[in-house]
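Residue-level listing of the chains:
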Amino acid sequence: MLLSMWGLVMQNKLLLLAERAEAVAKLAADLAEHAIDDHAELHRAMVDYRAAAVAYIAHPSVSDYVRADALRYSGETSDAIDRIADLIDQLNRD
């Protein structure tokens, strides 16, 4: 179930990325054709696209996959895998 939730999250991130890419493409084409002359609007759209791209690339993290594996186990094994995920998170913050 957790993995299917991640699949949905990733699908939503891809849809947002595509939407923002389309906005950049439209504004760039409009500028090229002199339909608009506001370069600031294109810049904002490009920044929004970059944010969506970074969000897609950064999620899910390795520790998220490790935690998903922990769900397959119980007891001490599951706890140990969760601790490994916590250590991965700490390494990524440092």
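Keep in mind that this is a model prediction, so the values were computed, not measured. (Residues numbered from 1 in each chain as written. Predicted model: local features only at pLDDT ≥ 70, side-chain atom pairs only at ≥ 80, totals over all residues. Heavy atoms only, no water.)

Caption draft 1: Structural context of the side chain of Asp 89. Position of Asp 89 among the secondary structure elements: in helix H4 (residues 75-93). Within polar-contact distance, the side chain of Asp 89 engages the side chain of Arg 67 at 2.7 Å. (Helix = DSSP H or I, 4+ residues; strand = E, 2+ residues; numbered from the N terminus. Polar contact = N/O pair within 3.5 Å; in protein donor to acceptor, adjacent residues only side chain to side chain.)

Caption draft 2: Fine view of unusual backbone geometry. Positive phi values are uncommon outside glycine, yet His 34 reaches one of about 60 degrees. Looking at the element boundaries, His 34 is found in the loop between helix H1 (2-32) and helix H2 (39-58). For His 34, a relative accessible area of 70% gives the class exposed. (Buried < 20%, exposed > 50% of the residue type's maximum accessible area, 1.4 Å probe, protein only.)

Caption draft 3: Molecular detail of the pattern of salt bridges. Considering all chains together, one arrives at four salt bridges under this definition. The salt bridge partner of Lys 26 is Asp 30, with a shortest N-O separation of 2.8 Å. Taken as a pair, Lys 26 and Asp 30 lie in helix H1 at a separation of four residues, close to a single helical turn. Of the residues examined, Lys 26 reaches a relative accessible area of 54% and is grouped as exposed. Asp 86 serves as the salt-bridge partner of Arg 67, at 2.8 Å between the closest nitrogen and oxygen. (Salt bridge = Lys/Arg side-chain N within 4 Å of Asp/Glu carboxyl O.)

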